[in-house]
Amino acid sequence: MSRNLSVRPASKSALDSVASMLRRAGLPADDVRTAPAQFFVAAVDGETVGVSGVELHGDAALLRSVTVEADARGRGYGRVLAAAAADHAAERDVETLYLLTETAAGYFESLGFRRCERDDAPAPIRETTQFADLCPESAVCMRAQTAAVLEAARDGGRTD
């Protein structure tokens with residue numbers, strides 16, 4: 001991983017760039033400006049390489065929109081972005097993270113997530129735009145303890 005990596009909360013002025021990156025990755029972006037999410041931007045030498053987001057809902061949160069530019073994948077940036085979102089949630093006493101994915105279940109399993117039924121998510125999570133409108137029913141629902149995601153991210157994405 002690059003020593004010149006920075007991860008910072010996305011400013012309001014950066015949200016159009018966040019949405020653009022999400023669209024390029026085929027991820028939902030229609031609610032980036034309206035969702036109650038905190039987005040994070042990873043940059044290497046000032047060039048954006050990835051984004052992540054998290055929506056807080058009491059003691060649960062929705063991890064959303066973790067993506068890394070295709071030419072920057074495989075360097076641990078996704079793990080760092082997931083950890084930034086999980087850390088933001090942990091600082092606000094969130095115990096459980098949920099997500100929906102169509103293509104990255106295996107990756108998220110490496111960060112401690114396990115598959116669950118959509119109905120297992122608490123109502124505030126099921127009522128998010130991601131759950132209710134943007135992600136198809138075919139998307140896999142997953143959950144993990146926030147602390148487990150942080151530990152897996154620190155350990156390079158390995159869980160036992």
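Reading the values: the criteria
Residues numbered from 1 in each chain as written. Predicted model: local features only at pLDDT ≥ 70, side-chain atom pairs only at ≥ 80, totals over all residues. Heavy atoms only, no water. Phe/Tyr/Trp six-rings, centres within 6.5 Å; stacked < 30°, edge-to-face > 60°. Buried < 20%, exposed > 50% of the residue type's maximum accessible area, 1.4 Å probe, protein only. Lys NZ or Arg CZ within 6 Å of the ring centre and 35° of its normal. pLDDT = per-residue confidence, 0-100. Helix = DSSP H or I, 4+ residues; strand = E, 2+ residues; numbered from the N terminus. Pairing = 2+ DSSP bridges. Right-handed = clockwise from strand over helix to strand, strands pointing away. Salt bridge = Lys/Arg side-chain N within 4 Å of Asp/Glu carboxyl O. Core = buried A, V, L, I, M, F, W, Y, C linked by side-chain atoms within 4.5 Å. Contact = heavy atoms within 4.5 Å. Axes fitted to C-alpha atoms, helices over the stretch in contact; angles between N-to-C directions.

**Q** I'm lost on the packing of aromatic side chains in this one. Help?
**A** Here a ring pair, both rings aromatic, is described through the centre-centre distance and the interplanar angle of the planes. Tallying each qualifying case throughout the model produces two aromatic pairs. Arranged with centres 5.4 Å apart and planes meeting at 75°, the rings of Y107 and F108 form a pair that is edge-to-face. Measuring from centroid to centroid gives 5.8 Å for F108 and F113, while their planes differ by 80°, and the two rings are edge-to-face. Each member of the pair F108 and F113 is classed as buried. Among the aromatic residues, those joined into a ring-pair cluster are Y107, F108 and F113. Geometry around F131 places R118 over its ring, the cationic atom sitting 5.5 Å from the centre.

**Q** I would appreciate a short explanation of the confidence of the model for the chain in the present structure.
**A** A low pLDDT score tells you not to read the predicted coordinates there in detail. Averaged over all residues, the pLDDT of the chain equals 91, while 95% of them reach at least 70. Between the elements of the chain, mean pLDDT differs from a low of 88, seen in helix α5 (residues 129-134), to a high of 97, seen in strand β6 (residues 114-116).

**Q** What is the right way to read the pairing of strand β4 (residues 60-68) from this model?
**A** Regular strands show a simple pattern: their side chains alternate between the two faces of the sheet. Across the nine residues of β4, nine count as buried, placing the element largely inside the fold. Between the antiparallel neighbours strand β3 (residues 47-57) and β4 lie two residues, among them G58 with a positive phi of about 70°. Pairing analysis gives three bridges linking β4 to strand β5 (residues 96-101), with the strands arranged parallel. By the bridge assignment for β5, A60 is matched with T96. Crossover connection from β4 via helix α2 (residues 77-90) to parallel β5: handedness right-handed.

**Q** Help me out: how do you make sense of the pattern of salt bridges in this one?
**A** Pairing is possible between side chains of opposite charge, provided their charged atoms come close. Counting across every chain of the model gives seven salt bridges. Close ionic contact of E91 with R92 constitutes a salt bridge, the shortest N to O distance being 3.3 Å. Taking relative accessible area as the criterion, R92 reaches 39% and is therefore assigned partly exposed. Ionic contacts of the salt-bridge type, sharing partners, join the residues D31, E55 and R64 into one network.

**Q** So what exactly am I meant to see when it comes to the nonpolar core here?
**A** Side chains of a nonpolar character, in soluble globular proteins, are inclined to be buried together. Membership of the largest hydrophobic core comes to 32 residues, with the highest contact counts inside it found for V54, L63, L97, F108, L111 and F113. Those elements that provide at least two residues to this core are β2 (37-44), β3, β4, α2, β5, α3 (105-109), β7 (140-145) and α6 (146-154). Sort the elements by how many residues they give to this core and α2 lands first, with eight residues. In this view, L97 contacts V54, A61, A86, A89, F113, M142, R143, A144, T146 and V149; residues no more than four positions away in its chain are not counted. The next biggest cluster of nonpolar side chains, apart from the first, holds twelve residues, and it includes A19, M21, F39 and V41.

**Q** Honestly, the sheet that holds β4 in this entry has me stumped. Any pointers?
**A** The strands that make up a sheet are held in pairs by hydrogen bonds between backbone atoms, and each pair lies either parallel or antiparallel. With mixed pairing, the seven strands of this open sheet are ordered in space as β1-β2-β3-β4-β5-β7-β6. Unpaired on one side and paired on the other, β1 (5-9) and β6 mark the two borders of the sheet. Along the sheet, successive strands turn relative to each other by an average axial angle of 30°, direction set aside. Of the strands in this sheet, β2, β3 and β4 are in contact with helix α1 (residues 15-24), which crosses β3 at around 100°. With respect to the sheet, α2 is in contact with β1, β2, β3, β4 and β5, its orientation differing from that of β3 by roughly 30°.

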